[in-house]
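The chain contents come next:
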Amino acid sequence: MDQEIQLNEHNKTEHPPMHTAEHLLNGTMVKMIGCKRSRNAHIERKKSKCDYPLPQPLSDDQIKEIENTINNVIAQNLEITFEFIPAEEAATKYDLERLPDDATEMLRIVHIGDYDACPCVGAHVEHTSQIGHFRISSARYQDGMQRIVFRLDQ
Ligand SMILES: [Zn+2]
């Protein structure tokens, strides 16, 4: 990895297991529900929440399936790896809407095995088994916005 590359300063100090779980939830929502990654997330050590604009609320079955899928990925103990690519190239592969306008020329892409990839400068665990058990503790739908609240059990 090129250590010389200047990255934008990260404005959050997330708990790495929670923040990595946020990646998995976003990746799973994109694959399973067909929405975009959450642009409104609140990540904390004990309890985190992500909001997704959806035309209708998730069903209980869908919530269970999201939870099971994420726990299956965690159990595979996938490695989290990084790659640096030019922002122009990243724009053709990834949703860059969440990036600040002053994002650097080179972007760091965070890969979770081959399950998920997105640009991020946050702090992550090294392997998914370090996340623990993923649990959706509540889900609320209001005004076209699906909120998912999740916790990690060790
Ligand atoms: Zn990240």
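Residues numbered from 1 in each chain as written. Predicted model: local features only at pLDDT ≥ 70, side-chain atom pairs only at ≥ 80, totals over all residues. Heavy atoms only, no water.

### Some details on the sheet that holds strand β7 (residues 145-153)
Quick note on the threshold: DSSP-based pairing: two strands are paired if at least 2 bridges between them are found. Numbering of helices and strands starts at the N terminus; helices are DSSP runs of H or I of at least 4 residues and strands are runs of E of at least 2. Every angle, taken between N-to-C directions, lies between 0 and 180 degrees, and every axis is a line fitted to C-alpha atoms, over only the stretch in contact when it is a helix. The contact definition used throughout considers only heavy atoms, calling two residues in contact when any of these lie within 4.5 Å.
Strands sit in the order β1-β2-β7-β6 across an open sheet of four strands; the sheet is antiparallel. Strand pairing shows two members of the sheet lacking a second neighbour, β1 (40-42) and β6 (133-142), which therefore form its edges. Averaged over neighbouring strand pairs, the angle between their axes works out to 20° when direction is ignored. Against the sheet, helix α1 (residues 16-33) contacts β1, β2 (48-53), β6 and β7, and its axis sits at roughly 135° relative to β7.

### Observations concerning the packing of α1 against helix α2 (residues 60-75)
The test is simple: Here roughly perpendicular refers to angles of 65 to 115 degrees, roughly parallel to angles under 35, roughly antiparallel to angles over 145, and oblique to all remaining angles. Take the far helix as your reference; a near helix turned counterclockwise from it by less than a right angle gives a left-handed crossing, and one turned clockwise gives a right-handed crossing. Gly is put with the polar residues, along with every residue not named as nonpolar or charged; the nonpolar set is Ala, Val, Leu, Ile, Met, Phe, Trp, Tyr, Cys and Pro, and the charged set is Asp, Glu, Lys and Arg.
Where α1 contacts α2, the two axes come as close as 10 Å, and the packing angle between them is 125°. Classed by the angle they form, the pair α1 and α2 counts as oblique. When you trace α1 past α2, the crossing you get is right-handed. Note on element contacts: α2 touches α1 through Q62, E65, I66, T69, I70, V73 and I74, opposite L24, L25, T28, M29, M32 and I33. Looking at the contact of α1 with α2, its residues break down into nine nonpolar, three polar and one charged.

### Points about a positive patch on the surface
The cut-off we apply is this: Excluding any residue in a salt bridge, patches collect residues exceeding 30% relative accessible area, merging like charges within 9 Å and nonpolar Val, Leu, Ile, Met, Phe, Trp and Tyr side chains within 5 Å. Accessible areas in this description were obtained via Shrake-Rupley with a 1.4 Å probe; residue shielding takes into account the shown protein chains only. A side-chain nitrogen of Lys or Arg and a carboxyl oxygen of Asp or Glu constitute a salt bridge if their distance falls within 4 Å. A positive count includes Lys and Arg, and a negative count includes Asp and Glu. His and the chain ends are not counted in either. Think of each charge as sitting on NZ of Lys, CZ of Arg, CG of Asp or CD of Glu. In this scheme, a residue with accessible area under 20% of its type's maximum is buried, one over 50% is exposed, and one in between is partly exposed, where area comes from a 1.4 Å probe on protein chains only.
Together, K46, K47, K49 and R140 line one region of the surface with positive charge. By the secondary structure assignment, K47 is in the loop between β1 and β2. Owing to a relative accessible area of 41%, K47 belongs among the partly exposed residues under this scheme.

### A short note on the environment of A123
Tracing the chain through its elements places A123 in the loop between β5 (116-119) and β6. Accessibility expressed as a relative area gives 36% for A123, which makes it partly exposed. Residues A123 and T20, spaced 103 residues apart in sequence, show a C-alpha to C-alpha distance of 7.9 Å. Dropping the residues within four chain positions of it, A123 is found in contact with E14, P16, H19 and T20.

### A word on the packing of aromatic side chains
Here is the rule: The pairing test for Phe, Tyr and Trp rings, Trp by its six-membered ring, is centres within 6.5 Å, and the orientation test on the planes gives stacked under 30 degrees, edge-to-face over 60, and tilted for anything in between. By definition, being over a ring means that NZ of Lys or CZ of Arg is both within 6 Å of the ring centre and within 35 degrees of the ring normal.
All chains considered together, the criterion is met by one aromatic pair. Seen from the ring of Y115, K31 lies directly overhead, with NZ or CZ sitting 4.3 Å from the centre. Across from the ring centre of F82, 4.0 Å away, lies the NZ or CZ of R108, which sits over that ring.

### Some words on the coordination of the zinc ion
Stated precisely, the cut-off is as follows: Here the coordinating atoms are restricted to nitrogen, oxygen and sulfur within 2.8 Å of the metal centre, or 3.2 Å for Na, K and Ca, and because water is not among them the sites may look incomplete.
In this structure, H19 (NE2), H23 (NE2), C120 (SG) and H124 (NE2) serve as the protein donors to the zinc ion, at separations of 1.9 to 2.2 Å. Sequence spacing among the residues donating to the zinc ion works out to H-x3-H-x96-C-x3-H. Remark: C120 occurs in the loop between β5 and β6 and H19 occurs in helix α1; sequence separation between them is 101 residues. Residues H19 and C120 agree in their burial class; the two are buried.

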